[in-house]
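# Residue-level structural notes
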Amino acid sequence: MTALWGCGPADDAYFDDGDLVFRSDDGGVPAPSGRPSGGGWISNGLEDPEASGVDPSYALSSAEGLSPAMGLLTDPGRLGTAQYLVECALPHGRSVSKTVDDEVVVLHGLLGLAPQWETGPCDEDCQEWVSACLLARTNASGQLVQVWFKGDHEAIGWDAPQGALFEAGFFGNLFADPLDQHYCKGTGKGMTAARREGRTCSSGNDCDFVKHSKCFADDLCARVGPNADVPADCTVDDASLHTIATYVVP
């Protein structure tokens with residue numbers, strides 16, 4: 001059986017009793033029950049967020065929803081993307097199991113942005129939250145970096161560690177055709193710090209996301225949170241999309 005945990009790029013995998021186990025440096029920080037004070041540090045080494053072989057019309061636990069015969073689970077180089085997706089959607093303590101080439105692969109949840117997707121379809125809200133999470137966890141370089149999430153979702157909440165700098169807001173729909181991938185800029189200091197840490201998507205075109213001006217310029221995004229400093233419902237072509245903001249340490 002192969003167990004996939006708190007995923008980083010393939011170079012960060014280790015072998016234990018013959019099982020390939022993906023993990024972040026700290027395994028991520030599971031959110032407590034109820035509305036948490038913040039999202040916790042989470043690893044970000046996803047080179048490509050494209051989710052082939054995933055159909056949001058069906059449950060992740062079904063073969064139609066997350067296929068064991070095509071797409072992410074059949075490409076060793078994309079197993080990490082499958083784990084990132086399940087970590088974004090399902091909460092800590094939940095998982096989905098798939099039999100791929102006669103081997104059982106277990107994908108573990110972490111954040112819980114769309115827990116309903118485990119056993120049922122993923123509607124537009126679900127798709128947007130999971131997409132925002134995958135986009136926020138993307139690094140074209142594949143380098144593993146820890147960032148903090150904020151957003152208008154009970155699974156992540158508003159607070160961040162003292163001194164954390166606002167890097168960017170991520171939004172879109174990776175299950176649309178064509179892919180819908182966007183980010184808006186945070187603060188100059190936040191983007192500079194993120195670049196120094198190895199983050200590649202918020203300060204250039206390395207990730208092929210549509211780049212927007214600062215998140216609060218020209219009413220691009222709403223302001224939410226106790227201090228009205230967290231972007232939400234960023235708007236593209238008159239459509240508001242769920243948004244996740246990322247923060248890094250100086």
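About the criteria used
Residues numbered from 1 in each chain as written. Predicted model: local features only at pLDDT ≥ 70, side-chain atom pairs only at ≥ 80, totals over all residues. Heavy atoms only, no water. Helix = DSSP H or I, 4+ residues; strand = E, 2+ residues; numbered from the N terminus. Buried < 20%, exposed > 50% of the residue type's maximum accessible area, 1.4 Å probe, protein only. Contact = heavy atoms within 4.5 Å. Areas by Shrake-Rupley, 256 points an atom, 1.4 Å probe, with all protein chains shown as cover. Polar contact = N/O pair within 3.5 Å; in protein donor to acceptor, adjacent residues only side chain to side chain. Disulfide = S-S within 2.5 Å. pLDDT = per-residue confidence, 0-100. Core = buried A, V, L, I, M, F, W, Y, C linked by side-chain atoms within 4.5 Å.

### Digging into the overall build of the protein
Helix and strand content of the protein: three helices and 15 strands. The buried share among the 250 residues of the protein stands at 55%. Taking the contacts inside the protein whose residues are at least 6 apart along the sequence as the reference set, 64% of them involve residues at least 24 apart. In the structure as shown, the protein presents an accessible area of about 10,800 Å², 46% of it carried by carbon and sulfur atoms.

### Re the side chain of Ser 62
Structurally, Ser 62 is set in the loop between strand S4 (41-44) and helix H1 (79-89). For Ser 62, the side chain forms a polar contact with the main-chain oxygen of Ala 59, separated by 2.6 Å.

### Brief notes about the state of the cysteines
Counting across every chain of the model gives five disulfides. Across the disulfide, Cys 184 is cross-linked to Cys 215 (sulfur-sulfur distance 2.0 Å). Measuring the twist about the S-S bond at about 95°, one finds the Cys 184-Cys 215 disulfide to be right-handed. Residue Cys 184 is located in strand S9 (residues 180-185), and its partner Cys 215 is located in the loop between strand S10 (210-214) and strand S11 (222-224); the two are separated by 31 residues in the primary sequence. Accessibility assignment for this pair places Cys 184 and Cys 215 in one class, buried. There is a disulfide in this structure between Cys 221 and Cys 234, and the S-S distance comes to 1.9 Å. Its S-S torsion of approximately 105° makes the covalent link between Cys 221 and Cys 234 right-handed.

### A word on the confidence of the model for the protein
When the pLDDT values of the protein are averaged, the result is 84; 84% of them are 70 or greater. Confidence drops under a pLDDT of 50 for residues 1-38, and excluding neighbours within four residues, the segment shows 94 contacts in the predicted structure.

### Some details on the environment of Val 105
Note on placement: Val 105 falls in strand S6 (residues 103-108). Looking at Val 105, the relative accessible area reads 5%, which means it is buried. Taking C-alpha positions, Val 105 is 9.3 Å from Pro 68, a pair spaced 37 residues apart along the chain.

### A word on the nonpolar core
By size, the foremost hydrophobic cluster in this structure holds 53 residues, and its most contacted members are Leu 85, Leu 113, Trp 117, Val 130, Phe 149 and Ile 244. Among the elements of the structure, H1, strand S5 (95-100), S6, helix H2 (124-136), strand S7 (145-150), strand S8 (165-173), helix H3 (188-197) and strand S15 (244-248) are those that each provide at least two residues to this core. Excluding its chain neighbours within four sequence positions, the residues that come into contact with Ile 244 are Leu 113, Trp 129, Ala 132, Cys 133, Ala 136, Phe 149, Lys 150, Ile 156, Ala 168, Gly 169 and Phe 170. Within the second largest apolar cluster, 17 residues are counted, among which are Trp 148, Val 230, Ala 232 and Tyr 247.

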